[in-house]
Amino acid sequence: MSSARFLLCTLLLLFTACGAPSHLDLCYASCDNTVRCSPVFLGGAFLPNCQNTCQQGTGAFAEQDQKDDIRCQNAGDVRKRVLDCIHNTCGLDVATCQTSAATFCILR
């Protein structure tokens, strides 16, 4: 394989991997959202504990990503919409926004 072709393939893989958030990313973002949106101080241990819980679910999150990718043509776009919900809303609005985001799935 020529070096130019190898570089192109490598870049394509990087952009593909970086393009859509995973369920693990959504979990981490949910931890951050909980801290950001909480009306009370949750304590310094909350965020690391939450992130550890996310890390422990890595395998299950990967399986969910695969199931979503099989079910929806645009699963990455749906996860991106969910991530936007987590970043841009708080409280019950997050759940409402996530439910709305899920309706954008284009079934295979």
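To be clear, the structure that these remarks concern was listed above.
Given the structure is predicted, the values throughout are model-derived calculations rather than measurements.

J.: Could you give me a rundown of the state of the cysteines, with the residues and numbers involved?
T.: Under the criterion given, the structure shown has 5 disulfides. Note that Cys-37 is cross-linked by a disulfide to Cys-90, the S-S spacing being 1.8 Å. Between Cys-37 and Cys-90 the disulfide shows an S-S torsion of about -65°. By sign, it is left-handed. Here Cys-37 is found in helix H2 (residues 23-37), whereas its partner Cys-90 is found in the loop between helix H5 (75-88) and helix H6 (92-102), with 53 residues between them in sequence. The side chain of Cys-85 participates in a disulfide bridge whose partner is Cys-97; the two sulfur atoms lie 1.9 Å from each other. Looking down the S-S bond of the Cys-85 and Cys-97 bridge, the torsion is -70°, so its handedness is left-handed. Pair noted here: Cys-85 is in helix H5 and Cys-97 is in helix H6, with a separation of 12 residues, a long-range link. Residue Cys-85 is classed as buried on the basis of its relative accessible area, which comes to 3%. On the basis of relative accessibility, which here comes to 26%, the residue Cys-97 falls in the partly exposed class. Sequential numbering of the bridged cysteines in the protein chain gives the disulfide pattern 1-5, 2-4, 3-8, 6-10, 7-9.

J.: Any details on the packing of aromatic side chains? Residues and values, ideally.
T.: By the definition in use, this model includes 0 aromatic pairs. Lying over the aromatic face of Phe-104, Arg-81 brings its terminal NZ or CZ to 3.5 Å of the ring centre.

J.: Outline the environment of Gln-98, supporting the account with residue identities and numerical values.
T.: With respect to the helices, strands and loops of the structure, Gln-98 is situated in helix H6. Sequence spacing of Gln-98 and Ile-86 is 12 residues, and the spatial spacing of their C-alpha atoms is 8.0 Å. Setting aside its immediate chain neighbours within four residues, Gln-98 contacts Val-82, Cys-85 and Ile-86.

J.: Mind laying out H5, listing which residues take part and the relevant values?
T.: In this model H5 runs 20 Å from its N-terminal to its C-terminal C-alpha over 14 residues, within 8% of the 20 Å that 1.5 Å per residue would give. Buried residues along H5 sit against H2, helix H4 (58-71) and H6.

J.: Describe the packing of H2 against helix H3 (residues 46-56), and please don't skip the residues or the numbers.
T.: Where H2 contacts H3, the two axes come as close as 9 Å, and the packing angle between them is 165°. Comparing the axis directions of H2 and H3 gives the class roughly antiparallel. Regarding H2 and H3, the two cross each other, and that crossing is right-handed. Only Phe-46, Leu-47, Cys-50, Gln-51, Cys-54 and Gln-55 of H3 make contact with H2, whose side of the interface consists of Leu-24, Cys-27, Tyr-28, Cys-31, Asp-32, Thr-34 and Val-35.

Each value, and the rule that gives it
- Residues numbered from 1 in each chain as written.
- Predicted model: local features only at pLDDT ≥ 70, side-chain atom pairs only at ≥ 80, totals over all residues.
- Heavy atoms only, no water.
- Disulfide = S-S within 2.5 Å.
- Helix = DSSP H or I, 4+ residues; strand = E, 2+ residues; numbered from the N terminus.
- Buried < 20%, exposed > 50% of the residue type's maximum accessible area, 1.4 Å probe, protein only.
- Phe/Tyr/Trp six-rings, centres within 6.5 Å; stacked < 30°, edge-to-face > 60°.
- Lys NZ or Arg CZ within 6 Å of the ring centre and 35° of its normal.
- Contact = heavy atoms within 4.5 Å.
- Expected span 1.5 Å × (residues − 1).
- Axes fitted to C-alpha atoms, helices over the stretch in contact; angles between N-to-C directions.
- Parallel < 35°, antiparallel > 145°, perpendicular 65-115°, else oblique.
- Left-handed = near helix turned anticlockwise from the far one by under 90°.

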